Amino acid sequence: MSRRGGGGRRPDSRRDQPTQARAPSFQRGGGGAAGPRGRGRQGHRGGAGRGSHSGSGAAPSSPHTASTSTEPAPSSPSVSASAPSSSSVSTLVEETEQKLTLAAPAAATLPPSSSRAVRLPVRPGFGTRGRKCVVRANHFMVQLAKRDIHHYDVSIDPEVTSQKINRQIISQLINLYRLTNLGERIPAYDGMKSIYTAGPLPFESKEFIITLPDSDPRPSSSASPGTERQFRVVIRLASQPYVYTLQKFIQVLDVVLRAAPSEKHTVVGRSFFSTDLGPMGQLGDGIEYWRGYFQSLRPTQFGLSLNIDVSASSFYKPILVTEFVQYYCSDLSRPLSDQVRLKVKKALKGIKVVLRHMGYNLSCKITGITSQPMSQVMFTCDNETRSVVQYFLEKHKIALQFTSLPALEAGTEERRIYLPMEMARENAYNEDTLVNREFGIQVVDGLTSVNARILPAPMLKYHETGQEASVNPDFGQWNMINKVFGLYVLGVQLNPLCLLKEKLLFVYTELFCVILVVQKMFNGGRVEVWTCMNFSTCLNQDVIGFCQRLVDMCNRKGMVFNRRPVIPISSYNPYQIEKALVDVHNKTTQPGKQLQLLIIILPDVRGSYGRIKRVCETELGIVSQCCQPKHASSRNMQYFENVALKINVKVGGRNTVLDDAVQKRIPLVTDRPTIIFGADVTHPQPGEDSSPSIVAVVASMDWPEVTKYRGLVSAQAHNEEIIQDLYKSIQDPQRGLVHGGMIRELLIAFKISTNRKPESIIFYRDGVSEGQFSQVLLHEMNAIRLACASLEEGYAPPVTFVVVQKRHHTRLFPAEHNRRDLTDRSGNILPGTVVDTQICHPTEFDFYLNSHAGIQGTSRPTHYHVLFDENRFTADGLQVLTNNLCYTYARCTRSVSIVPPAYYAHLAAFRARFYIEDETSAGGSTGGTRSTAEGSLAIRPLPVIKDNVKDRGALFGQYCYFGSSFKLDIKGRN
């Protein structure tokens, strides 16, 4: 990704780039500026030549944008590297990055051709806004002694796939040969193909024969019990020179720190779990949880730190499979119903079981279960067709007991294995010699103290006709009702009354009068045609009262809500939901009138919400508001307020806006038309190997308020993280080159909504891990560029690309728990607490922001990492903007933990999965894919959302590639 420095424009910047057919003008109406002010209009076509990327004469890299390199990294002639001290880590970072990257010429604006060439923007400085404070972080500083690290390749024959067994083999080798052949060295083993030593071994290549004791678990094999397994282990000096970049050096130290716990505990990802690390707990259905901890070595401004976080994970109990099935069906003498069989199949798929019927343990992975009972499952063995029951009786002298249960399936498609279910499953760094003495690593005890700042909450704007047109949130939350304005007794004002019931809005007697302030929504929506359906048997008597209270609240908040439903409010059979919805839709469909809102009280039994949303939004085109029976039966006014907020947004209103946005006092955002995107990809649950990943992209549709969002969703390949539909183009025989994609459609929608084209773009991307930064930036920034260029030649608004990370393990704690000015009501750090020093990246532009008030447990700050920044944000500018946006979430009167565009994208993707999940559960399929004639897998498209639902803002729409939902063009609607 090249930089855009200086704001100047080079007249020959597109000279070497191929031309394309001119796109229709994007300058219809409203008269936005022809391009972003002061920005050069370098070409942004997909085929832009990269020949201008020369190593000589490159401009210095901008501190705000990513840069690229086409020169290979220099290799070292040595296979060893000295470990830096803690104080020299920052120097190592700078030297390493200088070796690996070169600045690109200023004229180049296309993303790099390879993810290895991406260099992320450097930090533009540190933030200064807010009240200074000190917090503690679960980072432990690491001190290093000077060591000469060497890398060796390891091969084990016969090959073993289990890292646990690999570690046992190498551990046995170290125990036998440390004092002799290994020259008193203790190697650190990664469990696969590499070992590292803190000094050279006395050989360049050597072969060892290692025998594992009989009691050790074996990999799957046909070896008979009592036979010792021998392994041929070859250790040789790495054939390729090992270039110790900072990241590779950290990987080596990480291997050292993980060596001992990997042998003692169960490893899951980067976490360790054991029954010895804390009490276990029961989760039901044959599943229990174990306690453990996460561990990761990270480069920070302090030097290297060890990030440690407590963790817990679920594990299957070490019980018979038949005992596990009894959690789903108590009577195992009868065949399982289709519904139970599908649940058991989903729960067992991918689980390893241990077979004991052969006199020794053999591990197998379950790939599925049969659709027939075991007594009916036949297979061919030795040219003879037999049943599973018959085989076990003849071969192993075992009379199977539960023959009505399905058989477990293992093996491959070519060699299917059937197993009966009645089998069993078995299941201080500084004191570590390898860590401390051998590699000279010391981990400092105690949490790290970190300098932080508490950003002020933004002023929120409500409707001017309300009794209070603005509000300043306190502790990350506020209330639109029950604000005591004053207490008067016989005309004399006293102190406000604090112990009012929530249901009171106005209290008056002859002696005193309490005046409660009620804010009104910034833009109240209008609902004329509505009704309510009740599927709960617990709320039959008070459905009408519930609706009246809800309508009253909506009107009080500033909406225009008709008090009379279009058809009488009624109760319906919870077992005939789809039929009832169709009937109500037919009754309320009248000439010139359309049902604007359907209030639905859900059934008492859970599980129908997804089906209701799918039918309403993809089949009938109904905007719906679902309510839980237990909440609908209460008279809690806060609940009615929250529902009113949701309804107002669904019918096109706005609840509140930032006062600074209205006054155009937000730097960069209100200076020129700015569109703010949020994007997320959600993946199917483990075990659903063929289900698609769901993409959601949302974008702001108003300016300068940036509170209304429109979104699109699409399906893509299973577990694909890079968004594929941001920009697409096809060659149509009649129309020529046809452009499409989610970014393009949302840019057009913004133009139609605001009558201005976006002059800057802010893109919040959720769900990207650090290892995917380069790939995501490479592909998705290129898609944004191409989408912009397809709308108008030379249209290239500056882009800021920010990754939003919630699934990290950094936690921040108050340094002084007793100080009320440093903690919220839950004992967590205050909303607005931001950290961009010490534990953050040594050179790149990132920060931790705790934007919400804690409710339960320890608050998790969100990590924001800037991957690309042409808008040239200051640290304060981006931090304050992100924090302020967290107060504009439409569904509650609280600040939220992640920036709303990313939050909305997550919700939209989660909602879209309902559209295929209901079909999956009903049909027994686990997929969102289908086989094509050629035998490959094609992604099944999501159901199309009805236009009236999408256009009313009630739901984020669906992007169907060149399909029926692609309705917007530069000249308006097709």
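Thresholds, definitions, all that
- Residues numbered from 1 in each chain as written.
- Predicted model: local features only at pLDDT ≥ 70, side-chain atom pairs only at ≥ 80, totals over all residues.
- Heavy atoms only, no water.
- Buried < 20%, exposed > 50% of the residue type's maximum accessible area, 1.4 Å probe, protein only.
- Helix = DSSP H or I, 4+ residues; strand = E, 2+ residues; numbered from the N terminus.
- Right-handed = clockwise from strand over helix to strand, strands pointing away.
- Core = buried A, V, L, I, M, F, W, Y, C linked by side-chain atoms within 4.5 Å.
- Contact = heavy atoms within 4.5 Å.
- Expected span 1.5 Å × (residues − 1).
- Polar contact = N/O pair within 3.5 Å; in protein donor to acceptor, adjacent residues only side chain to side chain.
- Salt bridge = Lys/Arg side-chain N within 4 Å of Asp/Glu carboxyl O.

Some words on the pairing of strand β36 (residues 624–627)
And then number 1: Side chains of β36 alternate between two faces, with S624 and C626 and Q625 and C627 buried alike.
And then number 2: Once the chain exits strand β35 (residues 597–601) it traverses helix α10 (residues 609–620) before rejoining the sheet at β36, and the crossover so formed is right-handed.

Section: the nonpolar core
Soluble globular proteins: nonpolar side chains tend toward being buried together.
And then number 1: Counting 82 residues, the largest nonpolar core has W530, F546, F561, Y764 and Y864 as its most contacted members.
And then number 2: Broken down by element, this core gets its largest block of residues, 8 residues, from helix α17 (residues 900–923).

What to know about the environment of V681
And then number 1: Take V681: it is sitting in strand β38 (residues 674–682).
And then number 2: Sequence-wise, V681 and V695 are 14 residues apart; in three dimensions their C-alpha atoms are separated by 4.5 Å.
And then number 3: The residues contacting V681, other than those within four sequence positions of it, are S693, I694, V695, Q716, E720, E721, I723 and R765.

Here we look at helix α12 (residues 637–650)
And then number 1: With 14 residues, α12 ought to run about 20 Å at 1.5 Å a step, and its terminal C-alpha atoms sit 20 Å apart, in line with that.
And then number 2: When you tally the buried positions in α12, you get 10 out of 14 residues, the bulk of the element.
And then number 3: What α12 keeps buried is the set M637, Y639, F640, E641, V643, A644, L645, I647, N648 and K650.
And then number 4: On its buried face, α12 is in contact with α8 (543–556), β33 (560–561), β35, α10, β36 and α11 (629–632).
And then number 5: Capping of α12 at its N-terminal end is provided by N636; its side-chain oxygen lies 2.8 Å from the backbone amide nitrogen of Q638.
And then number 6: Just past α12, the residue G652 takes up positive phi, approximately 100°.

Some thoughts on α8
And then number 1: If you check α8, its first and last C-alpha atoms are 20 Å apart, about what 14 residues at 1.5 Å a residue would give, namely 20 Å.
And then number 2: Looking at α8, one finds that the buried residues are V543, G545, F546, C547, R549, L550, V551, M553 and C554.
And then number 3: Here the buried face of α8 lies against β32 (530–534), β33, β35, β36, α11 and α12.
And then number 4: Where α8 ends, the next residue or the one after it, G558, has phi of about 110°, a positive value.

Brief notes about unusual backbone geometry
And then number 1: Residue P158 is reached from D157 by a cis peptide bond, and omega for that bond is 0°.
And then number 2: Along the polypeptide, P158 turns up in the loop between β6 (148–157) and α2 (163–177).
And then number 3: For the peptide bond that leads from W703 to P704, omega is 15°, which places it in the cis range.
And then number 4: By the secondary structure assignment, P704 is in the loop between β39 (693–700) and β40 (709–716).
And then number 5: Not every positive phi belongs to a glycine, and N755 is a case in point at roughly 65°.
And then number 6: In this fold, N755 is placed in the loop between α14 (742–754) and β43 (760–766).
And then number 7: Within the chain, R872 stands out as a residue other than glycine whose phi angle is a positive 55°.
And then number 8: In this structure, R872 sits in the loop between β48 (862–869) and α16 (875–885).
And then number 9: Taking relative accessible area as the criterion, R872 reaches 35% and is therefore assigned partly exposed.

Some thoughts on the pattern of salt bridges
And then number 1: One pass over the full model with this rule turns up 30 salt bridges.
And then number 2: The salt bridge partner of E619 is R614, with a shortest N-O separation of 2.8 Å.
And then number 3: Of the residues examined, R614 reaches a relative accessible area of 9% and is grouped as buried.
And then number 4: R819 serves as the salt-bridge partner of D821, at 2.7 Å between the closest nitrogen and oxygen.
And then number 5: Note on R819: relative accessible area 34%, which makes it partly exposed.
And then number 6: Residues participating in the shared-partner salt-bridge network are R131, E816, R819 and D821.

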